[in-house]
Amino acid sequence: MKTRAIRLLRIAAASMALVSFAAAPAGDREPAVVTPGTAGSPPSDAVVLFDGKDLSAWKSDDGSEPKWKLENGHMEVRGKGLMTRQEFGAIQLHLEWASPAEVKGDGQGRGNSGVYFQGRYEIQVLDSYQNKTYFNGQAASFYGHNAPLVNTSRKPGEWQTYDIVFHPPKPGAEGKVQPGSFTVLHNGVLVQDHIPIQGDASVSAKLSGATPTGPLFLQDHGNPVRYRNIWVRKLD
Ligand code: MG
């Protein structure tokens, strides 16, 4: 009798455990422990794309070895855009950039580069410090689509940060595209607040539509823009 009672209790306990496990929603999993970086350094689960030492994570957009200038822990645009050898879907990106200290040109001709996600959706890099241009083409714009909420640009030559959460568009029903999204912080300030990515091409990016993965691409727009400390975290 005693043994049967214990067995019943065990079955009851096991059932309750099953019920409580089954009842836990998918978003209620124990969050993984990730050691944060310090002063902009990568957290423990990041894929480091550029740490100032070499360009091994990159190739030129024609597939050749990158020719960008590498010195003092940064790289500088020099002939052809750079794309990552690795491809990504949804990511969190951190990068730092600086437009040339010596101001030349104006509008889109001043400190122009850009960060393209999956080689097709550009967050603009531009010297937008006291430099007017069309709103959806200034620094931290989703180029050709959406202006930033504010202009929080630092002066030419000063290092600036982008922290960007990118979710790519996905194939939807009836051949349509299910929009992705951009959330962008420029120098720690929110400038793109969960903006939809509809999958359309823009004048700066001929590719369009949904793709599961694609390279990160840094644009050569003929201006010696500098980059340093680039890392991503995969989100899917
Ligand atoms: Mg650009």
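*Asks:* Sorry if this is basic, but what is going on with the overall build of the protein chain here?
*Replies:* Tallying secondary structure elements over the protein chain gives one helix and 15 strands in all. Residues classed as buried in the protein chain amount to 31% of the 236 residues present. Relative to all contacts within the protein chain whose residues are 6 or more apart in sequence, the contacts with residues 24 or more apart total 62%.

*Asks:* What is the right way to read the confidence of the model for the protein chain from this model?
*Replies:* Low-confidence regions, as indicated by low pLDDT, have predicted coordinates that should not be scrutinised in detail. On average, residues of the protein chain score 88 in pLDDT, and 85% of them reach the 70 mark or higher. For residues 14-22, every residue scores under 50 in pLDDT, and the model assigns this stretch zero contacts once sequence neighbours within four places are set aside.

*Asks:* Got a minute to help me understand the nonpolar core in this structure?
*Replies:* In summary, soluble globular proteins display a tendency toward joint burial of nonpolar side chains. If you look at the biggest cluster of nonpolar residues, it comprises 40 residues, and the most contacted ones within it are Val115 and Ile123. The element best represented in this core is strand β6 (residues 91-98), accounting for five residues. For Val115, the residues in contact, after removing those within four places along its chain, are Leu95, Glu122, Ile123, Val125, Tyr162, Leu216 and Leu218.

*Asks:* Looking at this structure, I do not really get the environment of Thr152. What am I missing?
*Replies:* As for its position among the elements, Thr152 is in the loop between β8 (121-125) and β9 (160-167). Along the primary structure Thr152 and Ala139 are separated by 13 residues, whereas in three dimensions their C-alpha atoms are 8.8 Å apart.

*Asks:* Just to check I follow, could you spell out the sheet that holds β8 for this structure?
*Replies:* Think of a sheet as strands paired side by side through backbone hydrogen bonds, with each pair either parallel or antiparallel. Taken in spatial order, the five strands make up an open sheet running β2-β5-β14-β7-β8, and their pairing is antiparallel. At either margin of the open sheet sits one strand with a lone partner, and together these are β2 (58-60) and β8. On average, adjacent strands in this sheet sit at an angle of 25 degrees to one another, irrespective of strand direction.

So, how was this worked out
- Residues numbered from 1 in each chain as written.
- Predicted model: local features only at pLDDT ≥ 70, side-chain atom pairs only at ≥ 80, totals over all residues.
- Helix = DSSP H or I, 4+ residues; strand = E, 2+ residues; numbered from the N terminus.
- Buried ≥ 20, exposed ≤ 12 C-beta atoms within 10 Å, placed from the backbone.
- Contact = placed C-beta atoms within 7 Å.
- pLDDT = per-residue confidence, 0-100.
- Core = buried A, V, L, I, M, F, W, Y, C linked by C-beta atoms within 7 Å.
- Pairing = 2+ DSSP bridges.
- Axes fitted to C-alpha atoms, helices over the stretch in contact; angles between N-to-C directions.

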